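Per-entry structural report
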Amino acid sequence: MSTCYQKSLRAFLEHESVIKTKHQAKELHARLIRTMAPVSAILNSKIISIYSNFNLLQDSLTLFNTIDSPQPTKAWKSIIKCYASSGLFLNSLTSFNEMRSVGRIPDRNVFPSVLKSCVQLRDLRLGESVHGCVMRLGLDCDLYTGNALMNMYAKLQLPKAQQPFDEFPERKKQVGSFRNSWMGINHPDEVNVHLISGVGLKDMTEKPIEMEALGMDTVRKVFQTMPIRDVVSWNTIIQGNVHGGRYKEALGMLREMGNSDLMPDSFTLSTVLPIFSKYVDLKKGKEIHGFAIRHGFDGDGFIGSSLIDMYANCTRVEDSYKLFSLLPQCDAVSWNSIIAACVQNGRFDEGLELFRQMLRADIEPLGHSFSIIMPACAHLTTLTLGKQLHAYIIRTGNVENLYVASSLVDMYAKCGNIKNAWWIFDNMEIQDSVSWTAMIMGYAMHGHAHDAISLFEEMQMAGVQSNSVVFVAVLTACSHAGLVNEAWKYFSTMTQNHGIAPELEHYAALADLLGRAGRLQEAYDFISSMHIKPTGSVWSALLSACRVHRNFEMADKVAKEIFKIDPEYTGAYALLSNMYGAAGSWKEAQKIRITMRRKGMKKKPACSWIEVKNKVHAFVAGDKSHSFYGQINEALQDILEQIENEGYVPDTSEVPHDVDEEQKRYAVSTHSERLAIAFGIISSPAGTTIRVTKNLRVCVDCHTAIKFISRTMGREIIVRDNIRFHHFKDGNCSCGDYW
DNA sequence: GTAGGGTTAG
């Protein structure tokens, strides 16, 4: 081998960046072995460095182990970095530890990797020790190290729920044992970092809320002491504020960043976009969009999905679609964004269709994807589809994911399968307030008020913080079972013991309960004394109670209140007109209907749907459009005849039309839920449970008829109306006729 | 060394 060749080898090694591929790296190594045996530790370290830059962990390690100890600092640094970028964070930190124990001094290049490992392992105390080490070595002035430190504090001092890697509980165990060994070694360079953050560790674990603010304080302190800052520094501190929900501070930093002559980059933009999404500030969001286009960032996938999300949050789903179609390439996250855009705007069918398209495009769904799509199944009551997705979730190993599991609990509960909901809930490794709420709400909707309440008590015993949503669930449970005293108790507990201000939903639930219990005046006074202005829908809970209890005087009073607040509230007009119609006050009913027509209001058509053979079939009252209408109608007439023989007498008292009895009977007999049930009966094997969903309340006559059908046809029939579930079995309904 | 999407109510 010529000296010339050796020279070129040396040249390569001195300029590592000349090596462009893994292949070149290996070739270089091979030549080195052939020409220069034995290779010096320094040269081997250079090769390790090259290998580690290509993330060739095994090659780096093999070579590292051939070097007689003590290995050079450069070799250690490469190994630490390579471990960290291969996701082996624990090994990375162990190596860092070993490196120091053999007396090698870490330098500025190694700390970013080490701090990254602390973040990934979610170990704040370890991170603080590393910070101490940084300070001791006087490296806290280093730009990269400073940025990494800020990132570490910003990430690790968020509330637990927002921290990354919740899904790896086994990591926590590893960290625990590792930390013990780590803490046992008292390096001289481990200064007490609490002097910097100004808070003791004990306080940090015991006061989670303050901890968050103090964490940001530490980030700011690091930021302020940095002699030089670049875009990354600004992005990191802005990001920290955004994740902590301090949007004003984040936007303030953004402005300051501009003042210091630094241009926002794509990171900055996609970090601040969620703020405008949360604020539903379309104008500002569009400004960012414009800025992105002008600076050529609009093809960026990160910005793309933030924009899709922002437009969707401002209910501009069409704009979300447009952005999605313009993205140069779509990954799972962009798909998730557009699917969420649909689902969160009530476009469930489109969401499901997009999900299918995503699978067809060979994009593997992630845990996120399932928790986004599951509410669509829950809303549409597509139990079969939900089960298929559940199976898919198990296959893809996402069943442990907290969000996914909670969405499954909700889906099963909303699809009428409360047993499966409980099974999922009960088997969850950890449950958060959302999981508990989904389960409590599930029981509430199914009329199992006592299960709901005891579950709520259990949740509190488990130390899970209550929030306003879980109280909506508890009050709903009381409401569906007529538990007036319990409801009052929880309402006052919520405000007095938990310091949660009642919101419209809480008022509505209680007003509904009082109304249905016949305590109309009490409900009226309650709504009148609300500390926030009641909306039409709060009053309308009382209005429908007036209808049930046939109290016209109160109904008029309530209707006036509603029209004062919201003259366009269609529901109230419809309710009132039905009420008068049913009572035979045709003139009054007519007057209201004329008003509605003049205002261009349309009653929401009653609609029921049923899933048969993985397809959803929808029916509206008197609907003849279904391709099997002939058979459905025949079956329905047949069923009616049978149940009349069993003693069913049609109750037409709620029919709000001025027509003769025969026509009234016909009207109730073709209500949408009956069509759906009849279709379910003829298209499923005998004995199968029938599940029907309706967008409005079940009428009294249908409720009676379905009870008969369940006995006569020997079917369990589960009907979800717009407020709750009715389980019809053997001639009874789970609601005990109270709904 | 910095970035995107999620579950419960209405």
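All chains use their own residue numbering, which begins from 1 and follows the written sequence. Whichever chain is written first is A, and whichever ligand is written first is 1; the rest continue in order. The predicted origin of the model limits local features to residues at a pLDDT of at least 70 and limits the giving and counting of side-chain atom pairs to 80 or more, whereas totals for whole chains, interfaces and linings rest on all residues. Neither water nor hydrogens contribute to the side-chain values; these are computed over all heavy atoms in the structure.

1. Thoughts on unusual backbone geometry
Even without being glycine, Asn55 reaches a positive phi, approximately 65°. Going along the chain from the N terminus, every DSSP run of H or I of four or more residues is numbered as a helix, and every run of E of two or more is numbered as a strand. When you line up the elements, Asn55 lands in the loop between α3 (41-53) and α4 (57-66). Asn55 gets classed as partly exposed once you look at its relative accessible area, which sits at 37%. Even without glycine at this site, Asp362 takes up a positive phi of about 65°. To sort residues, take the accessible area from a 1.4 Å probe on protein chains only and compare it with the maximum for the residue type: under 20% means buried, over 50% means exposed, and anything in between is partly exposed.

2. A word on a negative patch on the surface
Patch membership needs two things, relative accessible area over 30% and no salt bridge, and members are linked within 9 Å if like-charged or within 5 Å if nonpolar (Val, Leu, Ile, Met, Phe, Trp, Tyr). The accessible surface values rely on the Shrake-Rupley method and a 1.4 Å probe; as for residues, cover is taken only from the protein chains in view. When a carboxyl oxygen of Asp or Glu lies within 4 Å of a side-chain nitrogen of Lys or Arg, that pair is called a salt bridge. His is not counted here, nor are the chain ends, while Lys and Arg score as positive and Asp and Glu score as negative. In plain terms, the charge of a residue is placed at NZ if it is Lys, CZ if Arg, CG if Asp and CD if Glu. Where like charges cluster on the molecular surface, the negative patch consists of Glu634, Asp638, Glu641 and Glu644. If you trace the backbone, Glu644 turns up in helix α36 (residues 629-645). For Glu644, a relative accessible area of 37% translates into the label partly exposed.

3. Concerning the protein's contact with DNA strand B
Surveying the vicinity of DNA strand B reveals 46 residues, the closest of which are Asn147, Lys155, Asp230, Asn336 and His368. The protein-proximal atoms of DNA strand B, defined as those within 4 Å of the protein, are 42% sugar or phosphate. Each polar contact in these results corresponds to two N or O atoms within 3.5 Å; when the atoms are within protein, one needs to be able to donate a hydrogen and the other to accept it, and residues that are neighboring in sequence are counted only if both atoms are side-chain atoms. One nitrogen or oxygen atom from the side chain of His243 is found 3.2 Å from a phosphate oxygen belonging to DNA strand B. With respect to DNA strand B, the side chain of Ser371 contributes an N or O atom lying 3.0 Å from a base nitrogen. A per-class count over the surface near DNA strand B returns 16 nonpolar, 20 polar and 10 charged. Any residue with a heavy atom positioned within 4 Å of a molecule or strand is treated as near that molecule or strand. Gly is placed with the polar residues, together with every amino acid not listed as nonpolar (Ala, Val, Leu, Ile, Met, Phe, Trp, Tyr, Cys and Pro) or charged (Asp, Glu, Lys and Arg).

4. Examining the pairing of strand β3 (residues 690-694)
Among the five residues in β3, four count as buried, and that is most of the element. Looking at chain direction, strand β1 (residues 607-612) and β3 are connected through three bridges and run antiparallel. By the bridge assignment for β3, Ser608 is matched with Lys694. Pairing between strands is defined by DSSP: at least two bridges between the two strands are required. Summarising the sheet, β3 and strand β4 (residues 717-720) pair through four bridges and their orientation is parallel.

5. Side note on helix α25 (residues 418-426)
Of the positions making up α25, those classed as buried are Ile418, Ala421, Ile424 and Phe425. Buried residues of α25, viewed axially, fall in a sector of 120°; they line one side. Set apart from the buried face of α25 by more than 90 degrees, the exposed residues are Lys419 and Trp423. Where the residues of α25 are buried, they touch α23 (383-395), α24 (402-414), α26 (433-445) and α27 (449-461). Here the arc refers to the set of directions running from the helix axis out to each C-beta atom. What makes two residues a contact is simply this: any of their non-hydrogen atoms within 4.5 Å.

6. Notes on the UniProt feature "repeat: PPR" (unreviewed entry) in chain A
Under the local residue numbering, the UniProt record ascribes the feature "repeat: PPR" (unreviewed entry) to residues 230-264, 331-365, 432-466 and 467-502. In residues 230-264, helix accounts for 74% and strand for 0%; the two terminal C-alpha atoms are 11 Å from one another. A distance of 10 Å separates the end C-alpha atoms of residues 432-466, which is 74% helix and 0% strand. UniProt positions are given in the numbering used here, feature names are shortened, and annotations may be inferred rather than shown by experiment.

7. Some points on the pattern of salt bridges
Taken as a whole and judged by the stated rule, the model has 21 salt bridges. Ionic pairing is found between Asp281 and Lys284, a salt bridge with its closest N-O pair at 3.9 Å. When its relative accessible area of 38% is taken as the criterion, Lys284 is described as partly exposed. Members of the salt-bridge network, linked through shared partners, are Asp217, Arg220 and Lys221.

8. Brief notes about the packing of aromatic side chains
By convention, a stacked pair of Phe, Tyr or Trp rings (six-membered ring in the case of Trp) has centres within 6.5 Å and planes under 30 degrees apart, an edge-to-face pair has planes over 60 apart, and any other such pair is tilted. Per the stated rule, a full pass over the model turns up 23 aromatic pairs. Seen in terms of ring centroids, Phe96 and Phe111 are 5.7 Å apart; in terms of plane orientation they differ by 75°. Their pairing is edge-to-face. Here Phe96, found in helix α6 (residues 89-101), pairs with Phe111, found in helix α7 (residues 111-120); they are 15 residues apart in sequence, far enough to count as distant. No difference in accessibility class separates Phe96 from Phe111, as the two residues are buried. Through pairs of rings, three or more aromatic residues link up here, namely Trp422, Phe425, Trp436 and Tyr443. A cation over a ring is seen here: Arg229 above Phe223, with NZ or CZ 4.4 Å from the ring centre. The side chain of Lys557 reaches across the aromatic face of Tyr524, ending 4.3 Å from its centre. Sitting over a ring, as applied to charges here, requires NZ of Lys or CZ of Arg to be within 6 Å of the ring centre and within 35 degrees of the ring normal.

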